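Letter by letter, the chains look like this.
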Number of protein chains: 2
Amino acid sequence: MQRKINFNAGPARLPLEVLEEAAKAVLEYKDTGMSILELPHRSKEFLDIINESEALVKELCGLSDDYEVLWLQGGGRLQFCMIPMNFLSDRDAAGYIDSGHWSEEALEYAVHYGDVQILESSKETNYDRLPDWPTDIPEQLAYVHITTNNTIFGTQWHNIPGTSSPLIADMSSDIFSRSHDYSKYSLFYAAVQKNLGTPGTALVVVRKDMFKRRARLVPPMLNYGAQAEQHSILNTANVFGVYTSLLMLRWIKAKGINVIERENAQKAKLLYDAIDSSKLFFPHVKVKEHRSLMNVCFTAINPEVEKAFHALCGQHSITGIKGHRSVGGFRASLYNAVSLTDVEFLVRVMKEFEATTKG
Amino acid sequence: MQRKINFNAGPARLPLEVLEEAAKAVLEYKDTGMSILELPHRSKEFLDIINESEALVKELCGLSDDYEVLWLQGGGRLQFCMIPMNFLSDRDAAGYIDSGHWSEEALEYAVHYGDVQILESSKETNYDRLPDWPTDIPEQLAYVHITTNNTIFGTQWHNIPGTSSPLIADMSSDIFSRSHDYSKYSLFYAAVQKNLGTPGTALVVVRKDMFKRRARLVPPMLNYGAQAEQHSILNTANVFGVYTSLLMLRWIKAKGINVIERENAQKAKLLYDAIDSSKLFFPHVKVKEHRSLMNVCFTAINPEVEKAFHALCGQHSITGIKGHRSVGGFRASLYNAVSLTDVEFLVRVMKEFEATTKG
């Protein structure tokens, strides 16, 4: 098989060794005489998977036992529901910093449960930059919600001040991509299909003191405290999904967050430099210090050039490079499993294209 | 590899050919140059998977386009939440027929949203039989909820009268196990990890007129109407999970529901006959017409015999036969992928055990 050079925003490229290990487990998990797809969620083998994955998440995040690690179903959007359901009563307000589509959707979900204050937004400029960090966050907010990386628009918070209210972060598209102080969050979550696995699972990490906050009665399945008490197996867990995320965690640990961070910076610099020096391609995000190292969004000088470059990428087995409809053009997602070689190849194709194309 | 003879109640045994096909797709899906774990949920390939699986569900259930087929995350328990959230307002009442643990848990979830009437229950006799079908179901219930097969206690409804209020059924453990009139339900659902796939996906089939009923404002992720509008990709779908269920649907169709039904009846008769004629083993469900063809629950004459038979099963690579703690003893789940040969082997081991064991 020739593997595509895959820049998809998510579901995203996974390391070949993780795929091979996952495929092996589908045939037989260890020497259990059964497939991982058949493995009981209350078996010793799955408890080992849960325990190892929890320990690795805490280790990679540098977190103590003050935090609970949960593997839940329903992706990021179920978190958009569960966060206000659990923490925002109809007498309280939550603050949302609106830095892109996913921030906005998260806050639209929250208005079902209580009052929402948009603390800052960069919507007016089609999210081509981060909003300013709000200077006068009201006291007594139920929580403040941010999106650390904006997949669609290609911005990323590189400096996140603390807040007096509990800080909650959607880290779906940049978790484990850099060294980071995770202890500033009361809760952070990630749909795993970017840096951490295959769709169907979300990682949620909650500081235990949050369980005391109860905005309303919530049935166990949607209740963080109840899920934590049952260590992610309140219901039949997505066994294969959690296992795939464990394989990713092992891969991340073996490589090392520092190495990953350095490579991610190299990959992004290479591509942004090519775009900044191009006469055909233009970055969506001009403010360099707001740029995402994960999702590089750019447009072409005109629709013909755009079409021609898409076609050329196709000829070179480059896939997943189409920009989201709200930005257009191109988006190359440079998640952990995308190699420097992949990005070098893309840049080479861009330069060859430039040498032979008139704007 | 020697495959275990797997009688687990769920996650359950899957056909070897399905596992082999799934493992192949984890390495590369068709000739896409990527793994099914990386496949975009908005790709043509995944839309084909969704479309084929929807068509197969309707075909196997004999349903028209009046119904929508949804693949959701969160298993059966998220359905316990979504059903009352969408259909039971705080001014209405829903009726629940309590035939076992899962019925009871479903109704406990519903009380968060409105009034719940237990129409009948067999809890008093530890669910060793079905309750009577209620004779005087009040008019104007928001819906009536039943569990068609009770996994833990081994009972199953073989005759389900219609209701004037919309009938909603949890069919997690007997869907596609027999020919059945699915058109009597306004909604039915199944966590797929028994007859239909691997944990992480639930099949929900809803009659479209239900979308008009709105008990309250519900955010899109938890709203059946919004999910239906987006054809199961309102959010990033569990691509691999849905694909595995499609493989199961193809397997079911190739075998034929009639053949499956006949084999399931044979398998269950073989095992119940062995238990009924035994001096060491006793059925949990004495009322024969209430017995489940999917989950056969039985106990042993005393704890020593129980322990000895568990040990013997282990020696013969028989697994997943321990009864649920609320019944004790043994439970053999005879889902579609468990073969007649598997059951014949179990019965042979039981008879050899009986010949050499004193009660």
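Everything quoted here is computed from the prediction, not taken from an experiment. (Residues numbered from 1 in each chain as written. Chains lettered and ligands numbered in written order. Predicted model: local features only at pLDDT ≥ 70, side-chain atom pairs only at ≥ 80, totals over all residues. Heavy atoms only, no water.)

Draft legend 1. How the structure looks around the interface of chain A and chain B. Counting from both sides, the interface comprises 57 residues of chain A and, opposite them, 57 residues of chain B. Both faces combined, the contact of chain A with chain B buries some 4,400 Å², and carbon together with sulfur accounts for 63% of it. Connecting chain A to chain B are two salt bridges. A salt bridge links Arg3 of chain B to Glu38 of chain A; the nearest nitrogen and oxygen atoms lie 2.7 Å apart. Inspection of the region where chain A meets chain B yields 20 residue pairs in polar contact (both at pLDDT 80 or more). Listed by contribution, the elements that provide at least two residues to the side of chain A that touches chain B are helix H1 (16-27), helix H3 (75-87) and helix H6 (239-255) of chain A. A breakdown of the residues in the side of chain A that touches chain B according to their chemical character gives 29 nonpolar, 21 polar and seven charged. (Contact = heavy atoms within 4.5 Å. Buried area = accessible area lost by both parts, 1.4 Å probe. Salt bridge = Lys/Arg side-chain N within 4 Å of Asp/Glu carboxyl O. Polar contact = N/O pair within 3.5 Å; in protein donor to acceptor, adjacent residues only side chain to side chain. Helix = DSSP H or I, 4+ residues; strand = E, 2+ residues; numbered from the N terminus. Nonpolar A, V, L, I, M, F, W, Y, C, P; charged D, E, K, R; others polar.)

Draft legend 2. The domain arrangement of chain A, seen in detail. Residue and element names in this part refer to chain A. In terms of domain boundaries, chain A breaks down into domain 1 (16-255) and domain 2 (256-356). Each of domain 1 and domain 2 was reduced to a C-alpha centroid, and the two centroids are 27 Å apart. Taken together, the contacts link 28 residues of domain 1 with 28 residues of domain 2. Approximately 2,300 Å² of surface area, both sides summed, lies buried where domain 1 meets domain 2, with 54% of it carried by carbon and sulfur atoms. Our enumeration of links across domain 1 and domain 2 arrives at one salt bridge. The shortest N-O distance in the salt bridge between Glu263 and Lys255 comes to 2.9 Å. There are 17 residue pairs in polar contact (both at pLDDT 80 or more) connecting domain 1 and domain 2. Contributions of two or more residues to the side of domain 1 that touches domain 2 are made by strand S6 (149-150), strand S7 (155-156) and H6. No other element matches H6, which puts five residues into the side of domain 1 that touches domain 2. When the residues that make up the side of domain 1 that touches domain 2 are grouped by side-chain class, the tally is nine nonpolar, twelve polar and seven charged. (Domains from an automatic or database assignment.)

Draft legend 3. Spatial organisation of the nonpolar core. Formed by 122 residues in total, the largest nonpolar core has its most connected members in Ile36 and Phe176 of chain A together with Ile36 and Phe176 of chain B. For Phe176 of chain A, the contacting residues outside a window of four places in its chain are Val57, Leu60, Cys61, Tyr182, Leu196, Leu203, Leu249, Ile252, Ile257, Ile260 and Asn336 of chain A. Membership of the second largest hydrophobic core comes to 68 residues, among which are Met85 and Val116 of chain A together with Ala110 and Leu234 of chain B. (Core = buried A, V, L, I, M, F, W, Y, C linked by side-chain atoms within 4.5 Å. Buried < 20%, exposed > 50% of the residue type's maximum accessible area, 1.4 Å probe, protein only.)

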